[in-house]
Amino acid sequence: MADGSRTRRIQELLVALNRAGVRDRDVLLAIAKVPRERFVPQALRPFAWDDRPLPIGLGQTISQPTVVGLMTQALRLTGTDRVLEIGTGSGYQTAILCELAGWVLTIERHPALATAARRRLVALGYRNLAVIVADGSAGWPPAAPFDRILVTAASPGIPTALLAQLSPADGARLVVPVGPPEGQELLVIERHEGQLRRRSLGSVRFVPLVFGPRPAGERTDGPAGDAR
Ligand code: SAH
C-alpha cells in the first residue's frame, strides 16, 4: 500500500473510532501506531485498516478496530499495569496492550496462532509480554493477581476463575463480552470502594470462548495467517 493511501486509511479509522466513542488520546495513538497489516494474512492486507474483523485462520478473527478501541479505553491503563488477556488470536490487541500497560500475559488455546502471534510481536519489538498456550478460561493463577483482565472471546457468563484473579485494589477491571455465540454484551466489571460494579458498553459479536482442554484430533495446524 502506498504511504499516502496508508496514512489516509489510518485517518479514516481514527474518525470511525471517534464516532464510536473512543476518545482516549493514548488509545488512539496506539491504534495509529501498531501496524495492523502485520497481523492479517497477506491476501487481506489491503483491508487491514478497515473497521471490521478479518479472518486469521482456524475459524478465528482479528477483532474490529473500534471494538479494540472501546475495550482498551474501558481498561483505563496507566502504563504500569499487569494485564491478563484471554484469546491472543493474531496478537493485534496484545500489541495495543503492550503499548499502554506495564506487562501483558496473553493466553491462546491454538498453538499455531500463539506461535505466529509471538513471532510477530517480537519482530515488532515488544518485550513486555508472555504468550502462553492454555485454556485461558481458568486464567493463570501463578501470575495472579492482575490489575486488568481482558477477554477477547464470547463467554456465556462472567468467568468466576478470572474474577478471582483480579487485583483487590480499587480501579481493577475486567472487560469481557458476555452472552451466547449469536451476540454478547460488552461488560466492564470494576472494583470500586471494595465493591464490584458492572456496566455495559453495548452489543458486540466475538467468536466463542472455548472451555476445557483441546480435544484430541482438533485441527491445530493450517492457515494461522501468513503475516510476518
Ligand atoms: N484479540 C484477538 C482476536 C481474538 S479471537 C486479535 O486481536 O486478533 C478469539 C481468540 O480466543 C481465538 O484465537 C481463540 O482461539 C481464542 N480462545 C477461545 N477460547 C479460548 C480459551 N479458553 N483460552 C484461550 N484462548 C481461547
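Above this text is the structure in question.
Definitions and cut-offs
- Residues numbered from 1 in each chain as written.
- Predicted model: local features only at pLDDT ≥ 70, side-chain atom pairs only at ≥ 80, totals over all residues.
- Heavy atoms only, no water.
- Helix = DSSP H or I, 4+ residues; strand = E, 2+ residues; numbered from the N terminus.
- Rg over C-alpha atoms; globule rule 2.2 N^0.38 Å.
- Buried < 20%, exposed > 50% of the residue type's maximum accessible area, 1.4 Å probe, protein only.
- Contact = heavy atoms within 4.5 Å.
- Areas by Shrake-Rupley, 256 points an atom, 1.4 Å probe, with all protein chains shown as cover.
- Axes fitted to C-alpha atoms, helices over the stretch in contact; angles between N-to-C directions.
- Left-handed = near helix turned anticlockwise from the far one by under 90°.
- Salt bridge = Lys/Arg side-chain N within 4 Å of Asp/Glu carboxyl O.
- Near = heavy atom within 4 Å.
- Polar contact = N/O pair within 3.5 Å; in protein donor to acceptor, adjacent residues only side chain to side chain.
- Nonpolar A, V, L, I, M, F, W, Y, C, P; charged D, E, K, R; others polar.
- Pairing = 2+ DSSP bridges.

## Points about the overall build of the chain
Okay, so step 1: When its secondary structure is counted, the chain shows six helices and nine strands.
Okay, so step 2: Computed over the C-alpha atoms, the radius of gyration of the chain is 16 Å, within 12% of the 17 Å expected from 2.2 N^0.38 for a compact globule of 228 residues.
Okay, so step 3: For the chain, the proportion of its 228 residues judged to be buried stands at 48%.
Okay, so step 4: Here the analysis covers contacts within the chain between residues at least 6 apart in sequence; of these, 59% occur between residues at least 24 apart.
Okay, so step 5: Roughly 10,200 Å² of accessible area belongs to the chain as shown, and the carbon and sulfur atoms make up 54% of that amount.

## Observations regarding the packing of helix α3 (residues 65-75) against helix α4 (residues 92-100)
Okay, so step 1: It is at 11 Å that the axes of α3 and α4 come closest, and there the two elements cross at 35°. With respect to the hand of their crossing, α3 and α4 are arranged in right-handed fashion. Here Val 68, Met 71, Thr 72 and Leu 75 of α3 come into contact with α4, specifically with Tyr 92, Gln 93, Ile 96, Leu 97 and Leu 100.

## Describing the pattern of salt bridges
Okay, so step 1: Within the structure shown, the criterion is met by eight salt bridges.
Okay, so step 2: Put simply, Arg 197 and Glu 190 hold a salt bridge, and the shortest N to O gap is 3.7 Å.
Okay, so step 3: Where salt bridges share partners, they join Arg 9, Asp 50 and Arg 52 into one cluster.

## As for the site of the ligand
Okay, so step 1: Neighbouring residues of the ligand: 27 residues in total, closest Ser 90, Glu 108, Asp 135, Gly 136 and Val 210.
Okay, so step 2: In this structure, a nitrogen atom belonging to the ligand sits 3.3 Å away from a main-chain N or O atom of Arg 109.
Okay, so step 3: The separation between a nitrogen atom of the ligand and a polar side-chain atom of Thr 152 is 3.2 Å.
Okay, so step 4: Protein chains bury 99% of the 580 Å² of accessible surface belonging to the ligand in isolation.
Okay, so step 5: Elements supplying a minimum of two residues to the shell around the ligand: β2 (60-62), α4 and β4 (103-108).
Okay, so step 6: Here the element with the most residues in the shell around the ligand is β2; it accounts for three residues.
Okay, so step 7: Among the residues forming the shell around the ligand, the class breakdown is 11 nonpolar, 13 polar and three charged.

## Quick word on the pairing of strand β6 (residues 148-151)
Okay, so step 1: Along β6, one buried face is formed by Arg 148 and Leu 150 and the opposite face, lined by Ile 149 and Val 151, is buried too.
Okay, so step 2: Taken together, the four bridges between strand β3 (residues 82-86) and β6 define a ladder with parallel strand orientation. Its bridge partner lying in β6, Ile 86 is registered against Val 151.
Okay, so step 3: Taken together, the three bridges between β6 and strand β7 (residues 173-178) define a ladder with parallel strand orientation. Directly across from Ile 149, in β7, lies its bridge partner Leu 174.

## Thoughts on unusual backbone geometry
Okay, so step 1: Going from Ala 144 to Pro 145, the amide bond is cis rather than trans, its omega being 0°.
Okay, so step 2: Summarising the element assignment, Pro 145 is placed in the loop between β5 (129-133) and β6.
Okay, so step 3: One non-glycine residue, Arg 76, lies in positive phi territory at about 50°.
Okay, so step 4: Counting through the fold element by element, Arg 76 comes out in the loop between α3 and β3.
Okay, so step 5: The backbone of Glu 193 shows a phi angle near 45°, a positive value even though the residue is not glycine.
Okay, so step 6: With respect to the secondary-structure elements, Glu 193 resides in the loop between β8 (184-192) and β9 (195-204).
Okay, so step 7: Classification of Glu 193 by relative accessible area gives exposed; the value is 62%.

## Some words on α3
Okay, so step 1: Of all the 11 residues making up α3, nine are buried; the element is thus mostly covered by neighbouring parts of the structure.
Okay, so step 2: The set of residues buried in α3 consists of Pro 65, Thr 66, Val 67, Val 68, Gly 69, Met 71, Thr 72, Ala 74 and Leu 75.
Okay, so step 3: Downstream of α3 by one or two residues, Arg 76 has phi in the positive range, about 50°.

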